[in-house]
Amino acid sequence: MIEVSGLTKRFGDKVIAVQDLSFSAKAGEIYGLLGPNGAGKTTTLRMLATLLKPSSGSLKVAGYDVTTHPEDVRRNIGVVNGGMGLYDRLTGREILEYFAYFYGIGKIDAQKRIKQLEGALEMTDLLDRRSSEYSTGMKQKIVIARAVLHEPAVLILDEATNGLDVVARRAVLEFARAYRSKDRVVLFSTHIMAEAEELCERAAIIDHGRLVAQDSVANLKTQSSANNLEEAFFRLTRSVN
Amino acid sequence: MRGKFVWHVTFKELLTTVRDVRSFRSAVMMPFILTPIFLLGFPALIAQTSGGEVVRRQTVGVTGLERIPAGLRGLLEAEGGVKLQAVTDPLIAVQSGVVDAALRVPANGLPVAAGEKTVQLEVLVKFSDQRASVVRDKLEGIIGAYSRKLVVKKLAGLGLSADTLEPLKAKAVNAETASETAGGLFAFLIPFLLLNAIIGSAATVATDSTAGEKERGSLEILLVSPITRLEVLLGKLGAVTLYALFGVLVQISAFVITTALSPLILGLFGANASSVAERLGGNLSLGFGGFAMLLLIGVSVAMMLSGLLIAVCLYARSFKEAQTYLIPVQLVSVFSSIGLQFGDFIQRSPALYSVPVIGSVIGILDLVKGKLGLEMLLVIVASNLIFAVLTAFLALRNFRSEQVLFRN
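Residues numbered from 1 in each chain as written. Chains lettered and ligands numbered in written order. Predicted model: local features only at pLDDT ≥ 70, side-chain atom pairs only at ≥ 80, totals over all residues. Heavy atoms only, no water.

## A look at the interface of chain B and chain A
Rule in force here: Only heavy atoms enter the contact rule, under which two residues are in contact if any of them lie within 4.5 Å. In this description, buried area is defined as the sum, over both parts, of the accessible area (probe of 1.4 Å) that is lost when the two are combined. We define a salt bridge as a contact between a side-chain nitrogen of Lys or Arg and a carboxyl oxygen of Asp or Glu at a distance within 4 Å. In protein, a polar contact requires one atom able to donate a hydrogen and another able to accept it; more generally it is a pair of N or O atoms within 3.5 Å, and residues adjacent in sequence count only if both atoms are side-chain atoms. In this description a helix means any DSSP run of H or I spanning at least four residues, a strand means any run of E spanning at least two, and both kinds are numbered starting from the N terminus. Classes in brief: Ala, Val, Leu, Ile, Met, Phe, Trp, Tyr, Cys and Pro nonpolar; Asp, Glu, Lys and Arg charged; the others, Gly included, polar.
Of the residues lining the interface, 27 residues belong to chain B; the matching set on chain A comes to 30 residues. Of the roughly 2,800 Å² buried where chain B meets chain A, counting both sides, 58% is carbon and sulfur surface. Summed over the shared surface of chain B and chain A, the number is six salt bridges. Among the salt bridges present, the one from Glu402(B) reaches Lys9(A), with a minimum N-O distance of 2.6 Å. The tally of links from chain B across to chain A stands at 14 residue pairs in polar contact (both at pLDDT 80 or more). Top contributing element to the side of chain B that touches chain A by residue count: helix H1 (residues 3-18) of chain B, with seven residues. Looking at the side of chain B that touches chain A, its residues break down into 10 nonpolar, six polar and 11 charged.

## Some points on the pattern of salt bridges
Convention followed: Throughout, exposure labels follow a simple rule: accessible area from a 1.4 Å probe, protein chains only, divided by the maximum for the residue type, with under 20% read as buried, over 50% as exposed, and the rest as partly exposed.
Per the stated rule, a full pass over the model turns up 29 salt bridges over all chains. A salt bridge links Lys12(B) to Glu13(B); its shortest N-O distance comes to 3.3 Å. Glu13(B) carries the same exposure label as Lys12(B), and that label is buried. Across the salt bridge formed by Glu13(B) and Lys236(B), the nearest N and O atoms sit 2.7 Å from each other. Linking Glu13(B) in helix H1 with Lys236(B) in helix H9 (residues 229-267), this pair joins segments that are 223 residues apart in sequence. Given a relative accessible area of 1%, Lys236(B) falls into the buried group. Salt bridges linked by common partners bring Glu71(A), Arg75(A), Arg2(B) and Glu231(B) together as one network.

## Focus: the sheet that holds strand E2 (residues 15-25) of chain A
Residue and element names in this part refer to chain A. Here is the rule we go by: Pairing between two strands requires that DSSP report at least two bridges joining them.
The sheet built from four strands is open, its strands ordered E2-E1-E4-E5 with antiparallel pairing. Each edge of the open sheet carries a strand with a single partner, namely E2 and strand E5 (64-65). Where strand E1 (residues 2-11) lies against strand E4 (residues 56-61), five bridges are found, and the strand directions are antiparallel. Paired with Glu3 across the bridge in E4 is Lys60.

## A few points about the environment of Val18(A)
All names here are of chain A. Here Val18 is to be found in strand E2. Using a relative accessible area of 1% as the deciding quantity, one classes Val18 as buried. It is 12 Å that separates the C-alpha atoms of Val18 and Val212, two residues lying 194 residues apart in sequence. Those residues in contact with Val18, other than ones at most four positions away along the chain, are Leu7, Thr8, Lys9, Gly40, Thr43, Thr44, Met47 and Gly209.

## Considerations on the packing of aromatic side chains
Just so we agree on the cut-off: Pairing of aromatic side chains here covers Phe, Tyr and the six-membered ring of Trp, requires ring centres within 6.5 Å, and sorts the geometry by plane angle: under 30 degrees stacked, over 60 edge-to-face, intermediate tilted.
Within this structure, the stated rule accounts for 14 aromatic pairs over all chains. Consider the rings of Tyr98(A) and Phe99(A), whose centres lie 5.3 Å apart with planes at 80 degrees: the pair is edge-to-face. Looking at Tyr98(A), the relative accessible area reads 4%, which means it is buried. Aromatic side chains Phe175(A) and Tyr179(A) sit 6.0 Å apart centroid to centroid with 25 degrees between the ring planes, which places their arrangement in the stacked category. Here the residue Phe175(A) and the residue Tyr179(A) both occupy positions in helix H6 (residues 166-179), the gap between them amounting to four residues, near one helical turn. Its relative accessible area of 5% is what places Tyr179(A) among the buried residues. Three or more aromatic residues joined by ring pairs make a cluster, and in this case those are Tyr87(A), Tyr98(A), Phe99(A), Tyr101(A), Phe102(A) and Phe5(B).

## With respect to helix H5 (residues 130-157) of chain B
Residues and elements named next belong to chain B. The condition is simple: Helix span, as expected, comes to 1.5 Å for every residue beyond the first.
Look at H5: 41 Å from first C-alpha to last across 28 residues, which is about the 40 Å you get at 1.5 Å a residue. Taken together, the buried positions of H5 are occupied by Ala132, Val134, Val135, Lys138, Leu139, Ile142, Tyr146, Leu150 and Leu155. Structurally, the start of H5 carries an N-cap: the backbone nitrogen of Arg131 is 2.9 Å from a side-chain oxygen of Asp129. Downstream of H5 by one or two residues, Gly159 has phi in the positive range, about 80 degrees.

## A closer look at the pairing of strand E7 (residues 154-158) of chain A
Residues and elements named next belong to chain A. Most of E7 sits out of view: five of its five residues are buried. Covered by surrounding structure in E7 are Val154, Ile156 and Asp158 together with Leu155 and Leu157, the residues of both alternating faces. Here four bridges tie strand E6 (residues 77-80) to E7, and the two strands are oriented parallel to one another. Looking at E7, one finds that Ile77 is bridged to Val154.

## Details of the domain arrangement of chain B
Heads up, the rule is: Each domain's limits were defined by an automated method or a database of domain assignments.
Taken domain by domain, chain B consists of domain 1 (3-47 + 178-405) and domain 2 (58-165). Taking only C-alpha atoms into account, the centre of domain 1 of chain B sits 52 Å from that of domain 2 of chain B.

## What to know about the nonpolar core
Counted only if it meets this: Take the buried Ala, Val, Leu, Ile, Met, Phe, Trp, Tyr and Cys residues and link them wherever side-chain atoms come within 4.5 Å; each set so joined is a nonpolar core.
Counting 162 residues, the largest nonpolar core has Ile2(A), Phe23(A), Phe99(A), Ile142(A), Leu155(A), Leu187(A) and Leu372(B) as the members making the most contacts within it. Tallying contributions element by element places helix H7 (residues 189-216) of chain B first for this core, with 13 residues. Aside from chain neighbours lying at most four places away, what touches Phe99(A) is Tyr87(A), Arg146(A), Leu149(A), Ile221(B), Leu222(B) and Ser225(B).

## Things to note about the side chain of Glu231(B)
All names here are of chain B. Along the polypeptide, Glu231 turns up in helix H9. The class for Glu231 is buried, based on a relative accessible area of 1%. If near-sequence neighbours (up to four positions away) are discounted, Glu231 is found in contact with Met1, Arg2, Phe5 and Val6.

## With respect to the layout of surface pockets
Residues and elements named next belong to chain B. So the rule is basically this: Note on definitions: the grid is 1 Å and covers protein atoms alone; a cavity is a set of points where a 1.4 Å probe fits but cannot get out; a pocket is an open set with protein on both sides within 12 Å along at least five of seven lines; lining residues have an atom within 4 Å of a point. Grid points are joined across faces, edges and corners, and a volume is the space filled by probe spheres set on the points.
A volume near 520 Å³ is recorded for the second largest pocket. Around the second largest pocket sit 23 residues that line it, and Ser26, Asn196, Gly200, Ser201 and Thr204 are the ones nearest its centre. The set of elements that each furnish at least two residues to the lining of the second largest pocket consists of helix H2 (21-55), H7, H9 and helix H12 (319-340). With nine residues, the top contributor of residues to the lining of the second largest pocket is H7. Residue classes in the lining of the second largest pocket are distributed as 11 nonpolar, 12 polar and no charged.

Following this line, the structure appears as structure tokens:
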């Protein structure tokens, strides 16, 4: 589903945000992209989402190359990032309809899908209010609904639990778990190791733009003789640095 | 390129702009408040103030008051309505503001009859003080009248009539067209207000749809959906241009209503102020063709500025930062209005009309005064459209630049 090989991203001559990064995530799994702030996670995800062009290396999403088939890639991904990115003066329903249009979802189908998501994400009675009136938790539900409107094969969650309370955070993690299926993959990027340990089967740890380790979460802990993923993360990144 | 995607973006941008009730209300109401203030209020206020100064009894300091002939003194006090006051140093008296003006009477006095050597009577006033110009005109007029009286008396003694002095006399006849009369001295305010409306309206949408979207994080999400950057940009350009056009229409409506109501509003300031204000002008007197030409210039300027504003705002990371970047663009309307006050001295040429913004404001000024020909209108519109394409390309380049979009 996601194949990253020798991926490098330079900004100008001095900054190398991502260097020779390789990992792959298969359908049916929740894959963790872990690293501290500034490790290069967001840059990697932006390249995956066709927002940034790789300086070198190859990147395939759902079988499409991001540089040669960017629009096909965008049809097959849904993105939830840390910032809410909602339009304050539109209602939740209008926001969802606005984005549904770009995915070629007709009005009637869009209404059906929104109804479906309304139930799945418990958004009843709130969709027709302007998003400026929403709580942070409700905003995040709209953001998730927007990302999965077109039922993408790849769901990218980039620091998706940032700033959420316990209940909203739990809802995001549960939705990610429920979204995974035999023909879908969830890419979960975070700096919170406890969340990754709870959710991901496999993970790549990156630091300073380089891959430090890539394996199942259980193996990462065993490799570093750690009791939990956070400890494993510290040991693995320290041994490299 | 998919036109339906472009319109989908345009519609959403316009919907969110209109739903910002405060901004929308201000866009609709401000022209109807500012236009009568600028075009009627200021001229009426100036007329009322200057009229009051003419009527006011100014104090005039005089050195050698006892040497002023009775005839001249009578004219100054009775016809000029000034109060004469003896001072020792006229320069200091004027500079300190003790008197409005001063006369320095020579030691050997002033003539009481014509035919002798010309005597110079110094009138001391502050040249930069606009109020002082009223008393200066009064004093120079009365001194001239007194001098003429002496000459006429001398001529009468010689058996000659007063007409001997003036075998030929010039008479100025107003050759203005109706549009020029309506435009008057304050005609420069019309392009200024129109340009201001275009920039103000366009900036509202441009800042929110670029820097605002960046700040909220929604731009990144929009670009991840299956719409091309060209389609997003054209959608936003469409929204900025349409809203600027809306601003143009509101402003033109405000001109029309202000002009229609001007007799009523000016009547409130009194007959004298009203007639002076009418002479100062600032009214829009155009036929259907004139309004069509005005709209054509407005649309082409809006298209040109839309691309420029989007290109500039894309550099900003936040709404506030974008507003700062737009200050120089907004200053263009202020500077051009200052320059337009001297519009009659500017030599018109196709090259001048093709200069972005400047050519358009001069064109609007000429249109208001009924002097814009069809050829020059085409030069202005063609130039604006060429620059509109260039600014759109600049905006597209910025929209495709990682450094601009994801600047941190």
